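Listed below, chain by chain, are the residues.
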Amino acid sequence: LRREDLVVIDEAGMSSTEDLDRISAIVAAAGAKLLYTGDHEQLAAVGAGGMFELLVHDAGAVELTEIHRFTHAWERAASVRLRVGDPEVVSIYDAHGRIRGGTEQEMLAAAVRGYLSDVLQGRRSLLVVRSDAMATELSAQLRAELVAAGRVSAEVLGQTRDGNLIGVGDLIQARRNDYTLRVHG
């Protein structure tokens, strides 16, 4: 980092206080500028958190008032109600077909179909799962489907730590950060 650099931490409310403190110290030592962005009312940090909300309340913040990310007007209004924890808004999402139900296996199959549909249409997609074992299982299943669709080469070039195969066209996503690794160029 240099003095002219600006470090932006998006979704800062999801970062632990320890992480924000560590980043702040690194940025300050370089003389760079630090900007926190996010929504202090949304999902909190997994670890000990609350620093972003404290900063908003103690130091003030600029708040955006217009919602742009949704296609339908009902989504904008519903998202505001969801943000403040209104449980009645669930019925609106249900009325618009946004809530699905089924067994765990049915929901996993639906998630895999949705992911594949997105990827095959050139969209970026993300599956969030509850465990490393489930990530391993679904990754292998998705790779097999993408090989069958001709989007990933069947030739195996390597293997991940969890045993999944790697070939040309595979997307590899890390599930654990290792801050001890250093890159020297």
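Residues numbered from 1 in each chain as written. Predicted model: local features only at pLDDT ≥ 70, side-chain atom pairs only at ≥ 80, totals over all residues. Heavy atoms only, no water.

(A) View of the overall build of the protein chain. Of the regular secondary structure elements, the protein chain holds 6 helices and 4 strands. Mapped from its N terminus to its C terminus, the protein chain presents α and β elements in the order β-α-β-α-α-α-α-α-β-β. Buried residues in the protein chain amount to 19% of all 185 residues. Taking all contacts inside the protein chain whose residues are at least 6 apart in sequence as the whole, residues at least 24 apart take part in 49%. A total of about 14,000 Å² of accessible surface is found on the protein chain, and carbon and sulfur atoms cover 54% of it. (Helix = DSSP H or I, 4+ residues; strand = E, 2+ residues; numbered from the N terminus. Buried < 20%, exposed > 50% of the residue type's maximum accessible area, 1.4 Å probe, protein only. Contact = heavy atoms within 4.5 Å. Areas by Shrake-Rupley, 256 points an atom, 1.4 Å probe, with all protein chains shown as cover.)

(B) How the structure looks around the packing of aromatic side chains. Taken as a whole and judged by the stated rule, the model has 1 aromatic pair. A centroid spacing of 5.6 Å and a plane angle of 75 degrees characterise the contact between W74 and Y93, whose relative ring orientation is edge-to-face. Highlighted residues: W74 in helix α3 (residues 73–83) and Y93 in helix α4 (residues 90–95), separated in sequence by 19 residues. Neither W74 nor Y93 differs from the other in exposure class; each is buried. (Phe/Tyr/Trp six-rings, centres within 6.5 Å; stacked < 30°, edge-to-face > 60°.)

(C) A look at the environment of I172. Within the element layout of this structure, I172 appears in the segment after β4 (165–166). Judged by relative accessible area, which is 55%, I172 ranks as exposed.

(D) Representation of the confidence of the model for the protein chain in the model. For the protein chain, mean pLDDT is 84; residues scoring 70 or higher make up 89% of the total. The least confident element of the protein chain, judged by mean pLDDT, is helix α2 (residues 51–59) at 70; the most confident is α4 at 94. (pLDDT = per-residue confidence, 0-100.)

(E) Molecular detail of the packing of helix α5 (residues 104–120) against helix α6 (residues 132–148). Where α5 meets α6, the closest approach of the two axes is 11 Å, and the angle between their N-to-C directions is 45 degrees. By the angle between their directions, the pair α5 and α6 is classed as oblique. As α5 packs across α6, the resulting crossing turns out to be right-handed. Contacts between α5 and α6 involve E104, L108, V112, Y115, L116, V119 and L120 on the former and, on the latter, M134, L138, Q141, L142, E145 and L146. (Axes fitted to C-alpha atoms, helices over the stretch in contact; angles between N-to-C directions. Parallel < 35°, antiparallel > 145°, perpendicular 65-115°, else oblique. Left-handed = near helix turned anticlockwise from the far one by under 90°.)

(F) Quick look at helix α1 (residues 17–30). The end-to-end C-alpha distance of α1 is 20 Å, a good match for the 20 Å that 14 residues give at a rise of 1.5 Å each. In the segment just after α1, G31 is the residue with positive phi, at about 75 degrees. (Expected span 1.5 Å × (residues − 1).)

(G) Quick look at the pattern of salt bridges. In total, this model carries 8 salt bridges according to the counting rule given. Measuring nitrogen to oxygen at the nearest pair gives 2.8 Å for the salt bridge that ties D86 to R81. A salt bridge links D118 to R123; the shortest N-O distance between them is 3.2 Å. Accessibility expressed as a relative area gives 47% for R123, which makes it partly exposed. (Salt bridge = Lys/Arg side-chain N within 4 Å of Asp/Glu carboxyl O.)

(H) Seen up close, the nonpolar core. In this structure, L108, V112, Y115, L116, V119, M134, L138, L142, L146 and V152 together form the largest nonpolar core, which totals 10 residues. Among the secondary structure elements, those contributing two or more residues to this core are α5 and α6. The element that contributes the greatest number of residues to this core is α5, accounting for 5 residues. If sequence neighbours within four positions are ignored, Y115 has contacts with S125, L126, L127, L142 and L171. Counting residues in hydrophobic clusters, the runner-up holds 6 residues, among them V7, I9, A12 and V27. (Core = buried A, V, L, I, M, F, W, Y, C linked by side-chain atoms within 4.5 Å.)

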